[in-house]
Amino acid sequence: QVQLVESGGGLVQPGGSLRLSCAASGFTFSYYRMSWYRQAPGKEREFVALITSSGSTQYADSMKGQFTISRDNAKNTVHLQMNSLKPEDTAVYYCNARKELLPYSAYWGQGTQVTVSS
């Protein structure tokens, strides 16, 4: 059974930091590109960051230098370190796994709420 379980969300003050984690199970984690997306209230889901199976990373332009994605293949986990958080970073953050080889497959987690407020 495939599972992506996000954790680490919560309430943080502006300027604070959070580290999100996504624990994967039920598939060969090292074959998958892992990504984070977020969806703020009333807005569409947007791309945040990705890390390929080989460790290459890519970020949304507006989040470069603020967020850092990493993965631990031994623990089947991907992390998102978020620094200098702003109220506009408030959103539900979702983990996504997409296989890099055929046959393609993709999975989503249930999301974790991040609220940035004083």
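Data block above holds the structure.
Residues numbered from 1 in each chain as written. Predicted model: local features only at pLDDT ≥ 70, side-chain atom pairs only at ≥ 80, totals over all residues. Heavy atoms only, no water.

Draft legend 1. Representation of the packing of aromatic side chains in the model. As enumerated under the stated definition, the model contains six aromatic pairs in all. Put simply, the rings of Tyr37, Phe47, Tyr94 and Trp108 pair up and form one aromatic cluster. Seen from the ring of Tyr94, Arg45 lies directly overhead, with NZ or CZ sitting 3.7 Å from the centre. Its end group placed over the ring of Trp108, Arg45 keeps NZ or CZ at 4.6 Å from the ring centre. (Phe/Tyr/Trp six-rings, centres within 6.5 Å; stacked < 30°, edge-to-face > 60°. Lys NZ or Arg CZ within 6 Å of the ring centre and 35° of its normal.)

Draft legend 2. A look at the environment of Cys95. Its location among the elements puts Cys95 in strand 9 (residues 91-99). We classify Cys95 as buried; its relative accessible area is 0%. Separated by 13 residues in the primary sequence, Cys95 and Trp108 place their C-alpha atoms 5.8 Å from one another. (Helix = DSSP H or I, 4+ residues; strand = E, 2+ residues; numbered from the N terminus. Buried < 20%, exposed > 50% of the residue type's maximum accessible area, 1.4 Å probe, protein only.)

Draft legend 3. How the structure looks around the pairing of strand 11 (residues 112-116). In strand 11, alternate side chains face the same way, and those of Thr112, Val114 and Val116 are buried while those of Gln113 and Thr115 on the opposite face are not. Pairing of strand 2 (residues 10-12) with strand 11, which is carried by three bridges, proceeds in the parallel orientation. Residue pairing in the sheet places Gly10 in a bridge with Val114 of strand 11. Direction of pairing for strand 9 relative to strand 11: antiparallel, over a ladder of three bridges. Opposite Tyr93, over in strand 11, you have Thr112 as the bridge partner. (Pairing = 2+ DSSP bridges.)

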